[in-house]
Structures are given as C-alpha cells and as structure tokens.
Amino acid sequence: MPDSLPPGTVCPIVTHPDPVLRARAEPAGYLDGDALTALAGNLFATMYAAQGRGLAAPQIGVSRRAFVMDAGWKEGRPDPILMLDPEIVMRSDLTEEAEEQCLSIPGCPVMVTRSADIEILFYDLNGMRISRAMNGMPARIALHEYDHLEGRLIVDFLP
C-alpha cells in the first residue's frame, strides 16, 4: 500500500455474473477527496489481501472509473499505482497472447490477446493528470482493469 494512503478496508470482491461487473462505470472525479482516498485505500487493501496484481472499483461494488495495480509486488518490485478516470490514448498494433485470471471470476483462466504497448492518461489523488507508457505485464494489467471500467470481462474473449 502506498505510504501516503491511510489503511483501507478489505472489501468483498464482486463475482461474475453480478450485473455491476457489466455496467460502464461512472467518472470517479465526481467524488470528493475523502471519498476518493477511502476508495483508493480499500482498493489497495483488497487487491493485496486477494493476492491480485490489479483491482477495479466495480469489483468491490463501486461503479466508478478507478483502479489500482501493482505489477511487480509479488517479485519484490512494488510499484503501486492508482488510476482515476483513466483513458487509453494509444494501443500498439503489436499484440501478445497470455493467460489471464480475474479475481471476479475465480478458477477460470482465459487466453487473452492484448496490445503489447499502451499509453494511458489518468488522474492521481492530487488531481494531477499523468501520462504513462506501459508495455508487457503492466500494460496487460492496465488493459484488464480498464476493461472492468467498460463492463468487459475476460470471459468475453472466449471463443
């Protein structure tokens, strides 16, 4: 958990086929600062408790455009990121296929083809707009969590 955040509460994870997972999430920016800070803390606490690498707000029953991720924490390279109101502004034509799992669909790994490189814009808790280029596992995680904000799930990639 980022040092700047107060400890969050571990929340129950919403599982498929709950309809909240299929709705397009509403903007997070309409929440006040205290609510956003609490949401961020709860997302990180729940993600780490569930042993995940990413978690979107709809997965804890909050239909807001927010997600957290930490691609390297399991390997001892923590890089926790909170993304509020993210927007994918570039997806490379180069794709990679890999098996993905989802905390909302336990026990159902799916082979998913995604762009290998992306650029994503998002806000942090201070209201700063940030641009971040990602590739490999971080890009895959960000795209997976972004899909949750759009109401898409990995089962949508099944043939």
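Use the structure listed above.
Analysis parameters
Residues numbered from 1 in each chain as written. Predicted model: local features only at pLDDT ≥ 70, side-chain atom pairs only at ≥ 80, totals over all residues. Heavy atoms only, no water. Helix = DSSP H or I, 4+ residues; strand = E, 2+ residues; numbered from the N terminus. Rg over C-alpha atoms; globule rule 2.2 N^0.38 Å. Buried < 20%, exposed > 50% of the residue type's maximum accessible area, 1.4 Å probe, protein only. Contact = heavy atoms within 4.5 Å. Expected span 1.5 Å × (residues − 1). Polar contact = N/O pair within 3.5 Å; in protein donor to acceptor, adjacent residues only side chain to side chain. Phe/Tyr/Trp six-rings, centres within 6.5 Å; stacked < 30°, edge-to-face > 60°. Core = buried A, V, L, I, M, F, W, Y, C linked by side-chain atoms within 4.5 Å.

### Some thoughts on the overall build of the protein
When helices and strands are tallied, the protein shows 2 helices and 7 strands. For the protein, the sequential pattern of α-helices and β-strands runs α-β-β-β-β-β-β-β-α. By the compact-globule yardstick of 15 Å for 159 residues, the protein fits well, its C-alpha radius of gyration being 14 Å. Projected onto the principal axes, the alpha-carbon positions of the protein cover approximately 40 × 30 × 30 Å. When the 159 residues of the protein are sorted by exposure, 45% land in the buried category. Relative to all contacts within the protein whose residues are 6 or more apart in sequence, the contacts with residues 24 or more apart total 63%.

### A closer look at helix H1 (residues 33-49)
Three- or four-residue spacings in an α-helix give side chains the same orientation, since the helix completes a turn every 3.6 residues. The end-to-end C-alpha distance of H1 is 24 Å, a good match for the 24 Å that 17 residues give at a rise of 1.5 Å each. Here H1 has its buried residues at Leu36, Leu39, Ala40, Gly41, Asn42, Leu43, Phe44, Ala45, Thr46, Met47 and Tyr48. Residues of H1 that are buried in the fold lie against strand S1 (54-56), strand S2 (66-69) and strand S3 (81-91). At the N-terminal boundary of H1, the capping side chain belongs to Asp32, with an oxygen 3.1 Å from the backbone nitrogen of Asp34.

### Describing the packing of aromatic side chains
Using the criterion set out here, one finds 2 aromatic pairs in the structure. Seen from their ring centres, Phe44 and Tyr48 are 6.1 Å apart, and the 20 degrees between their planes marks the pair as stacked. You can see Phe44 and its partner Tyr48 sitting in helix H1, 4 residues apart, about one turn around the helix. The two residues Phe44 and Tyr48 agree in class, both being buried. Members of the aromatic cluster, joined through ring pairs, are Phe44, Tyr48 and Trp73.

### With respect to the nonpolar core
Grouped together as the largest cluster of nonpolar side chains are 18 residues, with contacts concentrated most on Phe67, Met69, Met83, Ile118, Ile120 and Met134. Per-element tally for this core: the top contributor is helix H2 (residues 136-149), with 6 residues. The contact partners of Ile120, leaving out residues within four places of it in the chain, are Phe67, Met83, Pro86, Glu87, Ile88, Val89, Ile130, Ser131, Arg132 and Met134. Listed in part, the 17 residues of the second largest apolar core include Leu43, Ala66, Val68 and Leu82.

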